[in-house]
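Chains, contacts and geometry: an overview
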Amino acid sequence: MTRLRYVQGPAASRDAGMLRNSVYGIRATYETDREVIDALLPRPLEAVERPEIWLQMMHVTMHVTETDAVEIGALTVGVTCTHEGAPGAYCFHMAMEGESVVTSGRERFGEPKKIAQTHFERDGDRLRATCTRHGIPYFEIEGTIGESIDQPLKFEEHLFCYKGLVAIQDPGAFDGDVYLTRLNWERNYSDRRAMTGTITLRDSAYDPLADIPVRKLTSMNYVEGGTRTGGQILRTVPGEWIAPHWVGRFDDPRNIGVELGRKQAA
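Our subject in this report is the structure included herewith. (Residues numbered from 1 in each chain as written. Predicted model: local features only at pLDDT ≥ 70, side-chain atom pairs only at ≥ 80, totals over all residues. Heavy atoms only, no water.)

Some details on the environment of K216
Considering the arrangement of structural elements, one finds K216 in strand β12 (residues 216–237). The spacing of K216 and E52 is 164 residues in sequence and 9.3 Å in space, taken between C-alpha atoms. Apart from the residues within four sequence positions on either side, K216 is in contact with T29, Y30 and E31. (Helix = DSSP H or I, 4+ residues; strand = E, 2+ residues; numbered from the N terminus. Contact = heavy atoms within 4.5 Å.)

Some points on the nonpolar core
Y90, F92, F139 and I141 are the most contacted members of the largest nonpolar core, which has 42 residues in total. Sequence-distant contacts of Y90, defined by excluding residues within four places in its chain, comprise L40, L41, P42, L45, V77, G78, V79, C81, F160, Y162, I242 and H245. In this structure, W54, M58, A89 and M94 belong to the second largest nonpolar core, which totals 21 residues. (Core = buried A, V, L, I, M, F, W, Y, C linked by side-chain atoms within 4.5 Å. Buried < 20%, exposed > 50% of the residue type's maximum accessible area, 1.4 Å probe, protein only.)

So, empty space enclosed by the protein
For the structure on display, the rule yields one cavity of 30 Å³ or more. Its boundaries defined by the atoms lining it, the largest cavity holds a volume of some 50 Å³. Considering only residue class, the lining of the largest cavity consists of nine nonpolar, no polar and no charged. (1 Å grid on protein atoms, 1.4 Å probe; cavity = no way out; pocket = protein on both sides within 12 Å on 5 of 7 lines; lining within 4 Å. Points joined across faces, edges and corners; volume = space filled by probe spheres on them. Nonpolar A, V, L, I, M, F, W, Y, C, P; charged D, E, K, R; others polar.)

Some thoughts on the pattern of salt bridges
Counted by the stated rule, this structure contains 18 salt bridges. The partner of R34 in a salt bridge is D38, and the shortest N-O contact between them spans 3.9 Å. Here R34 and its partner D38 are both found in helix α1 (residues 34–40), four residues apart, which amounts to about one turn of the helix. A relative accessible area of 29% means that R34 is categorised as partly exposed. Of the charged contacts, one joins R133 and D251 as a salt bridge, the two residues approaching to 3.0 Å between their closest N and O atoms. Of this pair, R133 sits in strand β8 (residues 126–133) while D251 sits in the segment after α3 (239–242); the two residues are 118 residues apart in sequence, bridging distant segments of the chain. Through salt bridges that share partners, K114, R133, D207 and D251 make up one connected network. (Salt bridge = Lys/Arg side-chain N within 4 Å of Asp/Glu carboxyl O.)

With respect to the layout of surface pockets
Taken as a whole, the largest pocket holds about 1,000 Å³ of empty space. As for the largest pocket, its lining consists of 33 residues, of which L40, P208, D211, V247 and N255 are closest to the centre. Secondary structure elements with two or more residues in the lining of the largest pocket: α1 and β5 (86–96). Ranked by the residues each element gives to the lining of the largest pocket, the list is headed by β5, at four residues. Looking at the lining of the largest pocket, its residues break down into 20 nonpolar, six polar and seven charged. If you add up the space inside the second largest pocket, you get close to 600 Å³. Taken together, 30 residues line the second largest pocket, and the ones lying closest to its centre are L19, N21, M62, K113 and T229. Put simply, the parts of the chain that give the lining of the second largest pocket at least two residues each are β1 (19–31), β3 (52–63), β4 (69–83), β5, α2 (99–109), β11 (178–201) and β12. In terms of residue count, α2 provides more of the lining of the second largest pocket than any other element does, six residues in total.

Purely spatial values, then, with no claim about function.
Set out below in structure tokens:
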């Protein structure tokens, strides 16, 4: 008997609902420059008063089925914003271990995922984590875990992404509709504690997070517990709204970006 594995067989797979995860790691927010936020945030998302970046660096155990689990490290970075008055964050960078989790998130939810190497090390109350791509440790977060804080352990938060197919004939356009999607992340932490520490962004032409400077670290927490993740389509959007931002999904060291802070000629 011959076998063909390019066609889906009767193997067990998770359902179409929320994915259950066990996590530990660091959540943080920091203030950056207003002009950076204004250039980074695509329509129809709207900036909030504080020019703030939200991020998390997590070790994640993904419970794909009752018996199968996948362990990865994952960095997620977004711009705090709103959509039609509802709070969330525009997710413009995700980097994690494992080709399957990267491609599935990009194709299903429109997440801007890239394959990376992550590293976590803990010594007592000291925790340090890094994210590396192309041999460059472009993101590092470290700190000391302190006392428990009076913040919710169980809550839901949302991230906004864009899902589309780059056009065959014109790479600056899209084939078919472009969708604004929303990630729905349910948190059920068992531990949440304050941290003091630092975020270090090293220059990389492939992942230029260093272009979004840390002006003021506004919060840093250690968290541990369970999460469930899913998503939905919110609406279609014109392709030109997201086209200038699409470069962040790929490795293009030739991209020189745009200059900020320069007054336009009258």
